[in-house]
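Letter by letter, the chains look like this.
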Amino acid sequence: MVEEERNETLYKAVGSLPEIQRRRFLLYYEYEFNFYQIAAMEHCTASAIQKSVAIAKEKVKAEIEEISPTVTDTARKRNLFFICVILSILVDTLNSYKEDSYAAIGRAA
């Protein structure tokens, strides 16, 4: 389910790019053409393609964060929850050992 949502979000983000950036972005990331190959197809320089792809990547990243900011927030909250649970267990365990130590000292005296 999460994978489907992630793919849908990415699809929407890439779809929001201007046509030229979308085409270059997909050629580079989806079809694995290099900048020189894309430049030959587009009749421009490889550096122009590199810059266009970099800008497209930033736009996609920003769009994903705008569309789905709760994904990272939810993950952080979930991780924080598990950390709190683990810390609680550790504190209980340490307190138990401390009580056992005090009991052992009391018995020895």
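For the structure itself, consult the block above.
Residues numbered from 1 in each chain as written. Predicted model: local features only at pLDDT ≥ 70, side-chain atom pairs only at ≥ 80, totals over all residues. Heavy atoms only, no water.

Just to check I follow, could you spell out the packing of aromatic side chains for this structure?
For any two aromatic rings, the description comes down to two numbers: the centre-to-centre distance and the angle of the planes. This structure, assessed with the given rule, holds three aromatic pairs. Their ring planes at 50° and their centres at 4.9 Å tell us that F25 and Y29 sit as a pair that is tilted. Remark: Y29 and F25 occur in helix α2 (residues 19-29); sequence separation between them is four residues, near one turn of the helix. You can call Y29 partly exposed: its relative accessible area is 39%. Clustering of aromatic rings is evident, with ring pairs tying together F25, Y28, Y29 and F35. (Phe/Tyr/Trp six-rings, centres within 6.5 Å; stacked < 30°, edge-to-face > 60°. Helix = DSSP H or I, 4+ residues; strand = E, 2+ residues; numbered from the N terminus. Buried < 20%, exposed > 50% of the residue type's maximum accessible area, 1.4 Å probe, protein only.)

What exactly am I supposed to notice about the layout of surface pockets here?
A probe matching the size of a water molecule, rolled over the atoms, marks out where space remains unfilled. By volume, the second largest pocket amounts to about 200 Å³. Residue assignment for the lining of the second largest pocket shows that the elements contributing at least two residues are α1 (2-15) and α2. The element best represented in the lining of the second largest pocket is α1, accounting for five residues. Its residues assigned to classes, the lining of the second largest pocket comprises six nonpolar, two polar and two charged. (1 Å grid on protein atoms, 1.4 Å probe; cavity = no way out; pocket = protein on both sides within 12 Å on 5 of 7 lines; lining within 4 Å. Points joined across faces, edges and corners; volume = space filled by probe spheres on them. Nonpolar A, V, L, I, M, F, W, Y, C, P; charged D, E, K, R; others polar.)

I tried to follow helix α3 (residues 35-42) on my own but got confused; where do I start?
Because the α-helix completes a turn every 3.6 residues, residues three or four places apart line up on one side. Within α3, burial applies to F35, I38, A39 and E42. Within α3, the buried residues cover an arc of 105° as seen down the axis, which keeps them to one side. Of the exposed residues in α3, the ones pointing more than 90 degrees away from its buried face are Y36 and A40. Residues of α3 that are buried in the fold lie against α2 and α4 (46-67). Where α3 begins, the capping side chain belongs to N34, and its oxygen is found 2.9 Å from the backbone nitrogen of Y36. Just downstream of α3, H43 is the residue with a positive phi angle, here 55°. (Arc of directions from axis to C-beta. Contact = heavy atoms within 4.5 Å. Polar contact = N/O pair within 3.5 Å; in protein donor to acceptor, adjacent residues only side chain to side chain.)

Limitation: the analysis is restricted to geometry and does not speak to function.
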